[in-house]
Amino acid sequence: MSHRVLVVEDDADLLELIRFKLSNDGFDVLGIEDGERAWEFLAEDGGRPDAIVLDVMLPGMDGFALLKRIKRHEELEDVPVLMLTAVGDEDNMVEAMEVGAEDYVRKPFSPSVLQARVRRLVE
Amino acid sequence: MSLAAVDAVLWYLLGAVGVALSVLGTATLALSVRMRLHQLEREEARPGVRRIILEALDPELSVEGVAGELEQRDREVVLEVLEKYLRQLTGEDRERLREVARHLDLDDRALDLVESPLLYRRLEGFNWLTLLDVELLEEITEHVGDDPKAAEAAARYLHQDGRDRTATETLLSTYQRPLSTFAMDTLYQANSGDPTPLLDVSRDSYGEWQTSKIIQVLKVVEHCSASVPKAPVDWISNLSSHSSPEVRAAALRAVRHRGWQTEVRESVDWSSVFSDVAVVRRAGYRTLGEWGDAVSLRLLSEHGSRETDDRSRLTAVQALHENGAPRSHAESEGYTRTWDWVEALSRAG
């Protein structure tokens with residue numbers, strides 16, 4: 001059975017790119033473009049993915065706020081989260097790791113590296 | 001002219017203005033509708049273009065085939081999506097997209113653009129040259145014309161192409177005017193690890209620069225690596241006799257990380273520094289504090305205790321305190337108070 005990955009990224013072009021690369025790698029990918037809707041999906045629809053790829057800069061609820069909610073939620077706290085961030089966001093990355101993110105990838109990024117890291121998170 | 005005739009002329013003018021406004025309003029409306037339709041068309045075309053570009057990332061598909069398909073699509077949308085991906089991606093996927101771009105002749109287009117008389121076209125050309133990593137034309141700097149923005153864009157491109165000396169020359173030799181923040185950043189990026197190009201070019205060119213540009217360059221030098229032994233810094237010592245106190249102070253700050261070089265330490269005429277204006281003395285105290293050797297600490301202690309300017313005295317005492325120097329006997333009430341203040345600050349954390 002393929003692993004389910006939720007990608008939360010507000011840039012439609014990047015979201016499609018990540019979806020394309022992860023789908024080609026055999027993942028079942030769901031893409032959502034804003035933090036609020038991602039949280040609704042996770043909390044209310046009972047959608048529990050095997051991993052989450054989460055952009056830091058999101059409209060509405062940003063990536064950190066969403067990460068905090070995920071890591072404080074009883075049923076979601078053990079879902080591995082990979083943060084997508086911009087170069088120079090060192091402070092933010094430290095904060096993300098402290099909140100509980102399992103890994104991070106800096107933009108600009110290599111999609112192959114992202115694939116490999118997501119694969120490692122779900123295995 | 002009779003009153004009736006004046007009335008008629010006024011009515012005529014009013015009518016003409018009304019007609020002109022109606023025509024203008026209608027034209028504006030038509031133009032905005034047309035632009036909106038064009039935008040909608042592009043938005044509609046984007047997912048299709050994106051899908052084709054993503055197919056290029058599949059190593060089993062030919063890049064030529066993908067490029068052929070893209071040629072049939074809206075050129076503006078293709079350029080937008082390709083630019084986005086080339087900026088956001090690294091690695092083999094980026095290389096494949098560069099191949100697609102080359103098949104679409106975007107490299108030739110970029111080279112044509114840098115020769116355009118229009119600034120925004122030239123900037124777009126440099127942008128694409130950088131994105132596509134196009135083999136650089138030797139005479140690229142000739143295309144920058146008289147515009148500093150074009151020179152700055154070219155310098156950034158040259159830096160990203162690994163040609164830091166040419167980038168530095170473009171920024172420092174071609175234009176005497178002060179640098180923009182973007183240009184200073186490029187200068188720093190190109191020289192932070194090894195500032196030899198910056199120091200070489202500056203030594204030959206600083207005599208022609210405006211004062212503010214000299215200060216900017218010294219600021220960049222201050223933050224670049226100071227661990228390259230043969231980097232030429234002798235010209236910085238010459239600036240200690242410059243007519244501007246800001247330049248003299250910047251020159252002192254520029255060598256503050258170079259205290260390990262005996263010839264740099266010996267090149268400073270400290271008696272001139274201590275008899276100079278406060279801004280220069282402060283820079284001197286800061287530099288002595290960074291050097292932190294026995295001679296520097298002795299100079300700091302001697303002159304700091306006699307310092308009459310409050311801010312400069314504070315700088316001197318902070319430098320002594322940071323170096324763990326013992327508190328010397330008070331020679332003035334101000335000196336005692338400054339030490340008290342610095343120690344209290346240190347205790348407060």
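This is a predicted model, so every value here is computed, not measured.

Visitor: Explanation requested: the overall build of chain B in the structure shown.
Guide: In terms of helices and strands, chain B carries 19 helices and zero strands. The buried share of chain B, reckoned over its 349 residues, is 43%. Expressed as a percentage of contacts within chain B between residues at least 6 apart in sequence, the contacts between residues at least 24 apart total 65%. Accessible surface for chain B amounts to roughly 18,400 Å². Of this, 53% is attributable to carbon and sulfur atoms.

Visitor: Where do I start with the interface of chain B and chain A in this structure?
Guide: One widely used convention gives an interface's size as the accessible area the parts lose upon coming together. Contacts between the two partners involve 13 residues from chain B, matched on the other side by 14 residues from chain A. If you look at where chain B meets chain A, you find five salt bridges. Lys21(A) is the salt-bridge partner of Asp93(B), the closest N and O atoms lying 3.0 Å from each other. Where chain B meets chain A, there are 10 residue pairs in polar contact (both at pLDDT 80 or more). Mapped onto the side of chain B that touches chain A, the elements with two or more residues apiece are helix H1 (3–55), helix H3 (75–88) and helix H4 (91–103) of chain B. Across the side of chain B that touches chain A, the residue classes tally to four nonpolar, two polar and seven charged.

Visitor: Explain the pairing of strand E5 (residues 103–107) of chain A here, please?
Guide: Residues and elements named next belong to chain A. Burial along E5 is one-sided: the face carrying Asp103, Val105 and Lys107 is buried and the face carrying Tyr104 and Arg106 is not. The sheet contact formed by strand E4 (residues 81–86) and E5 spans five bridges and is parallel. By the bridge assignment, leucine 84 is partnered in E5 with valine 105.

Visitor: What am I meant to see in a nonpolar patch on the surface here?
Guide: Residue and element names in this part refer to chain B. The grouping of Val6, Val9, Leu10, Tyr12 and Leu13 at the surface amounts to a nonpolar patch, some 490 Å² of accessible area in total. Secondary-structure assignment places valine 6 in helix H1. When its relative accessible area of 33% is taken as the criterion, valine 6 is described as partly exposed.

Visitor: How should I be thinking about empty space enclosed by the protein in this particular structure?
Guide: The probe, sized like a water molecule, is rolled over the atoms to show the empty space still left. Going through the model one piece at a time under the given rule, you end up with one cavity of 30 Å³ or more. Volume-wise, the largest cavity comes out at about 90 Å³.

Visitor: I would appreciate a short explanation of the pattern of salt bridges in the present structure.
Guide: Pairs can form between side chains of opposite charge whenever their charged atoms are close. The final tally for this structure, using the stated rule, is 38 salt bridges over all chains. One salt bridge connects Arg256(B) with Glu290(B), and the closest N-O pair in it is separated by 2.9 Å. Taken together, the positions of Arg256(B) in the loop between helix H13 (245–254) and helix H14 (262–267) and Glu290(B) in helix H16 (residues 278–291) put the pair 34 residues apart, joining distant regions of the chain. Using a relative accessible area of 15% as the deciding quantity, one classes Arg256(B) as buried. Ionic pairing is found between Asp340(B) and Arg327(B), a salt bridge with its closest N-O pair at 2.7 Å. In this pair, Asp340(B) is assigned in helix H19 (residues 333–348) and Arg327(B) in the loop between helix H18 (310–322) and H19, connecting sequence segments 13 residues apart. Overall, the relative accessible area of 38% leaves Asp340(B) in the partly exposed class. The exposure class assigned to Arg327(B) is partly exposed, which follows from its relative accessible area of 33%. Counted as one network, the salt bridges with shared partners bring together Asp11(A), Asp13(A), Arg42(B), Arg46(B), Arg50(B), Glu76(B), Glu80(B) and Lys84(B).

Visitor: Help me understand the packing of aromatic side chains in this model?
Guide: Each aromatic ring pair is characterised by the separation of its centres together with the angle its planes make. Residue and element names in this part refer to chain B. As enumerated under the stated definition, the model contains four aromatic pairs over all chains in all. Judged by centre distance (5.7 Å) and plane angle (25°), the rings of tryptophan 270 and phenylalanine 274 are stacked. Here the residue tryptophan 270 and the residue phenylalanine 274 both occupy positions in helix H15 (residues 270–274), the gap between them amounting to four residues, near one helical turn. A relative accessible area of 13% places phenylalanine 274 in the buried class. One aromatic cluster is present, built from ring pairs that chain together Trp270, Phe274, Tyr285 and Trp291.

Visitor: I would appreciate a short explanation of the nonpolar core in the present structure.
Guide: Nonpolar side chains in soluble globular proteins tend to end up buried together. One finds Leu114(A), Leu70(B), Leu82(B), Tyr85(B), Leu97(B) and Trp128(B) to be the most contacted residues of the largest nonpolar core, which totals 55 residues. Considering every element that reaches this core, the biggest residue donor is H3(B), with seven residues. If near-sequence neighbours (up to four positions away) are discounted, Trp128(B) is found in contact with Leu79(B), Leu82(B), Glu83(B), Leu86(B), Leu106(B), Arg109(B) and Ala110(B).

Visitor: Can you walk me through the environment of Leu119(B) in this structure?
Guide: Topologically, Leu119(B) is positioned in helix H6 (residues 119–132). In this structure, the C-alpha to C-alpha distance between Leu119(B) and Lys149(B), residues 30 residues apart in sequence, is 8.1 Å.

Visitor: What exactly am I supposed to notice about the layout of surface pockets here?
Guide: Residue and element names in this part refer to chain B. In this structure, the largest pocket encloses a volume near 430 Å³. Along the wall of the largest pocket there are 19 residues; nearest its centre are Arg87, Asn127, Thr130, Leu131 and Gln160. Where the lining of the largest pocket is concerned, the elements lending two or more residues are H3, H4, H6 and helix H7 (148–160). Among the elements that take part in the lining of the largest pocket, H6 stands out by supplying six residues, more than any other. Within the lining of the largest pocket, the residues separate by chemical class into nine nonpolar, four polar and six charged. Counted as a void, the second largest pocket has a volume near 170 Å³. When contributions to the lining of the second largest pocket are tallied by element, the ones reaching two or more residues are H16 and H18.

Reading the values: rules and limits
Residues numbered from 1 in each chain as written. Chains lettered and ligands numbered in written order. Predicted model: local features only at pLDDT ≥ 70, side-chain atom pairs only at ≥ 80, totals over all residues. Heavy atoms only, no water. Helix = DSSP H or I, 4+ residues; strand = E, 2+ residues; numbered from the N terminus. Buried < 20%, exposed > 50% of the residue type's maximum accessible area, 1.4 Å probe, protein only. Contact = heavy atoms within 4.5 Å. Areas by Shrake-Rupley, 256 points an atom, 1.4 Å probe, with all protein chains shown as cover. Salt bridge = Lys/Arg side-chain N within 4 Å of Asp/Glu carboxyl O. Polar contact = N/O pair within 3.5 Å; in protein donor to acceptor, adjacent residues only side chain to side chain. Nonpolar A, V, L, I, M, F, W, Y, C, P; charged D, E, K, R; others polar. Pairing = 2+ DSSP bridges. Patch = residues over 30% accessible without salt bridge, like charges linked within 9 Å, V, L, I, M, F, W, Y side chains within 5 Å. 1 Å grid on protein atoms, 1.4 Å probe; cavity = no way out; pocket = protein on both sides within 12 Å on 5 of 7 lines; lining within 4 Å. Points joined across faces, edges and corners; volume = space filled by probe spheres on them. Phe/Tyr/Trp six-rings, centres within 6.5 Å; stacked < 30°, edge-to-face > 60°. Core = buried A, V, L, I, M, F, W, Y, C linked by side-chain atoms within 4.5 Å.

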